[in-house]
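# Observations on the model geometry
Now for the letters of each chain:
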Amino acid sequence: MSNQESADFIGLILTVKFANLLPQNIPNMTIDKVIVPLDVSSQADAIALIETLPQVTFWKVGLELFVSCGPQILKQLKQRNKRIFLDLKFHDIPNTVAGACRAAARYGVDLITIHATAGKVALKAAQSAAEMGANEAGVPVPKLIAISLLTSLNARELALDLKIPLELPEYALQMALLGQECGLAGAVCSPQEVAQLRRTCGDDFLLVCPGVRPSWASKGDQKRSLTPSEALKAGANYLVIGRPITEANNPMTALKLISQELDAAEKIVK
Ligand SMILES: O=c1ccn([C@@H]2O[C@H](COP(=O)(O)O)[C@@H](O)[C@H]2O)c(=O)[nH]1
(Lines give C-alpha, C1' and ligand atoms only; values in the text may rest on other atoms or scores of the structure.)
Protein backbone atom coordinates (compact mmCIF):
# COMPACT_ATOMS: atom_id res chain seq x y z
CA MET A 1 0.00 0.00 0.00
CA SER A 2 1.42 3.44 -0.91
CA ASN A 3 1.61 6.27 1.69
CA GLN A 4 -1.31 7.98 0.01
CA GLU A 5 -3.44 4.82 0.05
CA SER A 6 -2.57 4.30 3.75
CA ALA A 7 -3.60 7.90 4.55
CA ASP A 8 -6.88 7.43 2.67
CA PHE A 9 -7.53 4.17 4.50
CA ILE A 10 -6.85 5.69 7.94
CA GLY A 11 -9.07 8.65 7.02
CA LEU A 12 -11.87 6.30 6.08
CA ILE A 13 -11.55 4.33 9.36
CA LEU A 14 -11.59 7.56 11.44
CA THR A 15 -14.57 8.92 9.51
CA VAL A 16 -16.57 5.75 10.08
CA LYS A 17 -15.44 5.33 13.73
CA PHE A 18 -16.44 8.84 14.82
CA ALA A 19 -19.50 9.33 12.63
CA ASN A 20 -22.00 8.31 15.30
CA LEU A 21 -20.27 10.17 18.12
CA LEU A 22 -20.66 13.56 16.51
CA PRO A 23 -23.61 15.90 16.91
CA GLN A 24 -25.89 16.33 13.89
CA ASN A 25 -25.59 20.12 14.01
CA ILE A 26 -22.38 22.07 14.17
CA PRO A 27 -23.16 24.71 16.81
CA ASN A 28 -20.10 26.96 16.53
CA MET A 29 -18.56 29.79 14.59
CA THR A 30 -15.24 28.18 13.69
CA ILE A 31 -17.03 26.65 10.73
CA ASP A 32 -17.23 30.18 9.27
CA LYS A 33 -13.44 30.15 8.99
CA VAL A 34 -13.54 27.23 6.60
CA ILE A 35 -13.86 28.03 2.90
CA VAL A 36 -14.76 24.99 0.82
CA PRO A 37 -13.76 25.00 -2.85
CA LEU A 38 -16.34 23.97 -5.42
CA ASP A 39 -13.76 22.18 -7.55
CA VAL A 40 -16.26 20.43 -9.79
CA SER A 41 -17.08 20.91 -13.47
CA SER A 42 -20.83 21.44 -13.53
CA GLN A 43 -23.37 23.65 -11.83
CA ALA A 44 -25.40 20.57 -10.88
CA ASP A 45 -22.42 19.03 -9.04
CA ALA A 46 -21.68 22.35 -7.36
CA ILE A 47 -25.25 22.76 -6.12
CA ALA A 48 -25.31 19.17 -4.91
CA LEU A 49 -22.21 19.92 -2.77
CA ILE A 50 -23.68 23.16 -1.44
CA GLU A 51 -26.83 21.31 -0.44
CA THR A 52 -24.91 18.42 1.13
CA LEU A 53 -23.08 20.87 3.41
CA PRO A 54 -25.64 23.51 4.46
CA GLN A 55 -23.44 24.62 7.40
CA VAL A 56 -20.76 25.92 5.04
CA THR A 57 -21.19 29.67 4.73
CA PHE A 58 -18.18 30.47 2.53
CA TRP A 59 -17.60 28.76 -0.84
CA LYS A 60 -14.77 29.13 -3.30
CA VAL A 61 -15.37 29.26 -7.04
CA GLY A 62 -12.18 28.50 -8.92
CA LEU A 63 -11.02 28.05 -12.45
CA GLU A 64 -12.58 24.63 -13.13
CA LEU A 65 -16.12 25.63 -12.21
CA PHE A 66 -16.00 29.18 -13.56
CA VAL A 67 -14.60 28.05 -16.91
CA SER A 68 -17.18 25.25 -17.04
CA CYS A 69 -20.33 27.15 -16.21
CA GLY A 70 -19.55 30.87 -15.95
CA PRO A 71 -20.94 33.47 -13.56
CA GLN A 72 -24.30 31.72 -13.19
CA ILE A 73 -22.90 29.79 -10.22
CA LEU A 74 -22.24 33.10 -8.41
CA LYS A 75 -25.94 33.95 -8.66
CA GLN A 76 -26.82 30.53 -7.25
CA LEU A 77 -24.54 31.12 -4.27
CA LYS A 78 -25.87 34.61 -3.66
CA GLN A 79 -29.47 33.37 -3.76
CA ARG A 80 -28.49 31.04 -0.91
CA ASN A 81 -26.84 33.89 1.06
CA LYS A 82 -23.40 32.33 0.82
CA ARG A 83 -20.15 34.26 0.87
CA ILE A 84 -18.05 33.86 -2.27
CA PHE A 85 -14.31 33.58 -2.79
CA LEU A 86 -13.79 34.06 -6.53
CA ASP A 87 -10.40 32.43 -6.94
CA LEU A 88 -9.52 33.06 -10.57
CA LYS A 89 -5.90 33.95 -9.75
CA PHE A 90 -5.58 36.79 -12.21
CA HIS A 91 -2.10 37.16 -13.70
CA ASP A 92 -1.71 39.48 -16.66
CA ILE A 93 -0.69 42.99 -17.70
CA PRO A 94 -2.14 45.90 -15.67
CA ASN A 95 -4.85 46.88 -18.17
CA THR A 96 -6.13 43.30 -18.41
CA VAL A 97 -6.15 42.48 -14.69
CA ALA A 98 -7.84 45.80 -14.00
CA GLY A 99 -10.62 44.95 -16.47
CA ALA A 100 -11.03 41.50 -14.96
CA CYS A 101 -11.15 42.81 -11.38
CA ARG A 102 -13.64 45.54 -12.29
CA ALA A 103 -15.92 42.94 -13.89
CA ALA A 104 -15.47 40.44 -11.03
CA ALA A 105 -16.24 43.05 -8.39
CA ARG A 106 -19.60 43.78 -10.04
CA TYR A 107 -20.79 40.28 -9.10
CA GLY A 108 -20.74 41.21 -5.41
CA VAL A 109 -18.21 38.55 -4.44
CA ASP A 110 -16.29 38.78 -1.15
CA LEU A 111 -12.75 37.79 -2.12
CA ILE A 112 -10.82 37.94 -5.41
CA THR A 113 -7.29 36.63 -6.06
CA ILE A 114 -4.45 38.01 -8.16
CA HIS A 115 -0.88 36.72 -8.35
CA ALA A 116 1.53 39.06 -6.58
CA THR A 117 3.98 38.37 -9.41
CA ALA A 118 1.75 40.39 -11.75
CA GLY A 119 3.76 43.28 -10.25
CA LYS A 120 3.21 46.59 -8.53
CA VAL A 121 1.50 48.45 -11.38
CA ALA A 122 -0.92 45.58 -12.02
CA LEU A 123 -1.72 45.13 -8.32
CA LYS A 124 -2.49 48.83 -7.85
CA ALA A 125 -4.57 48.94 -11.03
CA ALA A 126 -6.47 45.82 -9.95
CA GLN A 127 -7.26 47.31 -6.54
CA SER A 128 -8.60 50.58 -8.01
CA ALA A 129 -10.58 48.68 -10.63
CA ALA A 130 -12.18 46.38 -8.03
CA GLU A 131 -13.30 49.46 -6.08
CA MET A 132 -14.66 51.04 -9.27
CA GLY A 133 -16.56 47.89 -10.33
CA ALA A 134 -18.15 47.45 -6.92
CA ASN A 135 -19.19 51.11 -6.76
CA GLU A 136 -20.70 50.94 -10.25
CA ALA A 137 -22.77 47.92 -9.24
CA GLY A 138 -23.65 49.31 -5.80
CA VAL A 139 -22.18 46.30 -3.99
CA PRO A 140 -19.55 46.16 -1.22
CA VAL A 141 -15.94 46.35 -2.43
CA PRO A 142 -14.47 42.83 -2.52
CA LYS A 143 -11.21 42.13 -0.72
CA LEU A 144 -8.47 41.67 -3.28
CA ILE A 145 -5.83 39.23 -2.02
CA ALA A 146 -2.41 38.44 -3.46
CA ILE A 147 -1.24 34.90 -4.11
CA SER A 148 2.22 34.79 -2.50
CA LEU A 149 3.40 31.38 -3.72
CA LEU A 150 1.20 28.44 -4.73
CA THR A 151 0.98 25.83 -1.97
CA SER A 152 1.72 23.09 -4.50
CA LEU A 153 5.33 24.30 -4.84
CA ASN A 154 8.21 23.45 -2.51
CA ALA A 155 11.59 25.04 -1.86
CA ARG A 156 13.33 22.79 -4.37
CA GLU A 157 10.96 23.79 -7.20
CA LEU A 158 11.22 27.47 -6.27
CA ALA A 159 15.01 27.35 -6.51
CA LEU A 160 15.60 24.85 -9.32
CA ASP A 161 12.60 25.30 -11.62
CA LEU A 162 11.56 28.90 -11.04
CA LYS A 163 15.17 30.07 -10.40
CA ILE A 164 14.12 32.26 -7.49
CA PRO A 165 17.23 32.91 -5.39
CA LEU A 166 15.40 33.70 -2.10
CA GLU A 167 14.58 31.16 0.62
CA LEU A 168 10.95 30.11 0.24
CA PRO A 169 9.57 31.72 3.45
CA GLU A 170 11.33 34.98 2.61
CA TYR A 171 9.97 34.92 -0.96
CA ALA A 172 6.39 34.28 0.23
CA LEU A 173 6.75 37.12 2.74
CA GLN A 174 8.07 39.55 0.12
CA MET A 175 5.16 38.73 -2.22
CA ALA A 176 2.65 39.31 0.59
CA LEU A 177 4.35 42.61 1.48
CA LEU A 178 4.19 43.67 -2.17
CA GLY A 179 0.42 43.11 -2.07
CA GLN A 180 0.15 45.07 1.16
CA GLU A 181 2.23 47.95 -0.22
CA CYS A 182 -0.14 48.13 -3.21
CA GLY A 183 -3.18 48.49 -0.97
CA LEU A 184 -4.52 44.92 -1.17
CA ALA A 185 -6.48 43.56 1.77
CA GLY A 186 -4.52 40.38 2.27
CA ALA A 187 -2.67 37.40 0.86
CA VAL A 188 -3.05 33.73 0.12
CA CYS A 189 -0.23 31.80 1.74
CA SER A 190 0.59 28.31 2.90
CA PRO A 191 -0.07 27.56 6.57
CA GLN A 192 3.67 26.99 6.94
CA GLU A 193 4.37 30.70 6.35
CA VAL A 194 1.31 32.18 7.99
CA ALA A 195 2.88 32.85 11.40
CA GLN A 196 5.70 34.89 9.88
CA LEU A 197 3.33 36.81 7.60
CA ARG A 198 1.02 37.53 10.53
CA ARG A 199 3.93 38.92 12.62
CA THR A 200 5.19 41.10 9.76
CA CYS A 201 2.00 42.20 8.02
CA GLY A 202 -0.01 42.83 11.19
CA ASP A 203 -3.40 41.78 12.50
CA ASP A 204 -5.47 43.69 9.93
CA PHE A 205 -3.98 41.89 6.93
CA LEU A 206 -6.22 39.03 5.81
CA LEU A 207 -4.40 35.71 5.55
CA VAL A 208 -6.15 32.92 3.67
CA CYS A 209 -4.54 29.48 3.75
CA PRO A 210 -5.11 26.65 1.30
CA GLY A 211 -2.95 23.53 1.66
CA VAL A 212 -4.63 22.65 4.96
CA ARG A 213 -4.75 18.94 5.72
CA PRO A 214 -6.24 17.16 8.73
CA SER A 215 -3.91 14.43 10.03
CA TRP A 216 -6.28 11.79 8.62
CA ALA A 217 -6.34 13.16 5.05
CA SER A 218 -3.93 12.62 2.21
CA LYS A 219 -1.94 15.61 0.98
CA GLY A 220 -2.49 15.09 -2.75
CA ASP A 221 -0.57 17.78 -4.64
CA GLN A 222 -0.23 20.11 -1.63
CA LYS A 223 3.43 20.43 -0.64
CA ARG A 224 3.44 22.96 2.23
CA SER A 225 0.61 21.88 4.47
CA LEU A 226 -0.30 21.97 8.17
CA THR A 227 -3.36 20.69 10.01
CA PRO A 228 -6.44 22.92 10.49
CA SER A 229 -5.65 23.53 14.18
CA GLU A 230 -2.01 24.35 13.44
CA ALA A 231 -3.02 26.79 10.68
CA LEU A 232 -5.57 28.51 12.91
CA LYS A 233 -3.15 28.81 15.84
CA ALA A 234 -0.48 30.19 13.51
CA GLY A 235 -2.74 33.12 12.59
CA ALA A 236 -4.80 32.23 9.51
CA ASN A 237 -8.10 34.09 9.12
CA TYR A 238 -9.56 31.52 6.73
CA LEU A 239 -8.69 27.94 5.88
CA VAL A 240 -9.44 26.64 2.40
CA ILE A 241 -10.12 22.92 2.74
CA GLY A 242 -11.33 21.02 -0.29
CA ARG A 243 -10.70 17.35 -1.04
CA PRO A 244 -10.45 16.19 2.60
CA ILE A 245 -14.12 17.23 2.80
CA THR A 246 -15.49 17.03 -0.72
CA GLU A 247 -13.89 13.68 -1.58
CA ALA A 248 -14.54 12.07 1.81
CA ASN A 249 -16.91 9.11 1.92
CA ASN A 250 -19.09 11.26 4.11
CA PRO A 251 -18.37 14.99 3.54
CA MET A 252 -20.58 16.03 6.47
CA THR A 253 -18.66 13.83 8.89
CA ALA A 254 -15.33 15.10 7.56
CA LEU A 255 -16.55 18.67 8.06
CA LYS A 256 -17.63 17.88 11.61
CA LEU A 257 -14.24 16.39 12.47
CA ILE A 258 -12.53 19.52 11.15
CA SER A 259 -14.97 21.76 12.99
CA GLN A 260 -14.31 19.94 16.28
CA GLU A 261 -10.57 20.23 15.76
CA LEU A 262 -10.92 23.98 15.11
CA ASP A 263 -13.17 24.47 18.14
CA ALA A 264 -10.56 22.86 20.37
CA ALA A 265 -7.80 24.96 18.81
CA GLU A 266 -9.78 28.18 19.20
CA LYS A 267 -10.18 27.56 22.92
CA ILE A 268 -6.39 27.36 23.16
CA VAL A 269 -5.90 30.51 21.04
CA LYS A 270 -8.31 32.45 23.32
O1 LIG B 1 -1.70 28.51 -3.33
C2 LIG B 1 -2.84 28.06 -3.54
C3 LIG B 1 -3.88 28.85 -4.00
C4 LIG B 1 -5.11 28.30 -4.19
N5 LIG B 1 -5.34 27.01 -3.94
C6 LIG B 1 -6.72 26.48 -4.15
O7 LIG B 1 -7.24 26.00 -2.90
C8 LIG B 1 -7.95 24.81 -3.11
C9 LIG B 1 -7.32 23.71 -2.29
O10 LIG B 1 -8.05 22.51 -2.46
P11 LIG B 1 -7.65 21.16 -1.73
O12 LIG B 1 -8.57 20.15 -2.33
O13 LIG B 1 -7.88 21.37 -0.26
O14 LIG B 1 -6.21 20.89 -2.03
C15 LIG B 1 -7.96 24.52 -4.60
O16 LIG B 1 -9.17 24.99 -5.13
C17 LIG B 1 -6.81 25.35 -5.15
O18 LIG B 1 -7.09 25.85 -6.44
C19 LIG B 1 -4.34 26.20 -3.48
O20 LIG B 1 -4.50 24.99 -3.24
N21 LIG B 1 -3.11 26.77 -3.28
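Parameters and conventions
Residues numbered from 1 in each chain as written. Predicted model: local features only at pLDDT ≥ 70, side-chain atom pairs only at ≥ 80, totals over all residues. Heavy atoms only, no water. Core = buried A, V, L, I, M, F, W, Y, C linked by side-chain atoms within 4.5 Å. Buried < 20%, exposed > 50% of the residue type's maximum accessible area, 1.4 Å probe, protein only. Helix = DSSP H or I, 4+ residues; strand = E, 2+ residues; numbered from the N terminus. Contact = heavy atoms within 4.5 Å. Phe/Tyr/Trp six-rings, centres within 6.5 Å; stacked < 30°, edge-to-face > 60°. Lys NZ or Arg CZ within 6 Å of the ring centre and 35° of its normal. UniProt positions renumbered as here; feature names shortened; annotations may be inferred. Polar contact = N/O pair within 3.5 Å; in protein donor to acceptor, adjacent residues only side chain to side chain.

This part covers the nonpolar core. Ranked by size, the top nonpolar core spans 74 residues in total, and within it Leu38, Val61 and Ile114 carry the most contacts. The greatest single-element share of this core, amounting to seven residues, is contributed by helix α12 (residues 251-269). Excluding anything up to four places from it in sequence, Val61 contacts Leu38, Phe66, Ile73, Leu74, Leu77, Ile84, Phe85, Leu86, Asp87 and Leu88. Grouped together as the second largest cluster of nonpolar side chains are 11 residues, Ile35, Phe58, Ile147 and Val208 included.

All right, on to the packing of aromatic side chains then. By the definition in use, this model includes one aromatic pair. Its end group placed over the ring of Phe85, Lys60 keeps NZ or CZ at 5.8 Å from the ring centre.

Here we come to the UniProt feature "active site" (unreviewed entry) in the protein. Under the local residue numbering, the UniProt record ascribes the feature "active site" (unreviewed entry) to Lys89. Dropping the residues within four chain positions of it, Lys89 is found in contact with Lys60, Thr113, Ile114, His115, Ile147 and Leu150. A polar atom in the side chain of Lys89 sits 2.7 Å from the side chain of Asp87.

Glancing now at the environment of Ala185. Its location among the elements puts Ala185 in the loop between α8 (168-181) and β6 (186-188). The exposure class of Ala185 is partly exposed, given its relative accessible area of 25%. Between the C-alpha atom of Ala185 and that of Leu53, which follows or precedes it by 132 residues, the distance is 28 Å. Excluding anything up to four places from it in sequence, Ala185 contacts Lys143, Leu144, Ile145, Asp204, Phe205 and Leu206.

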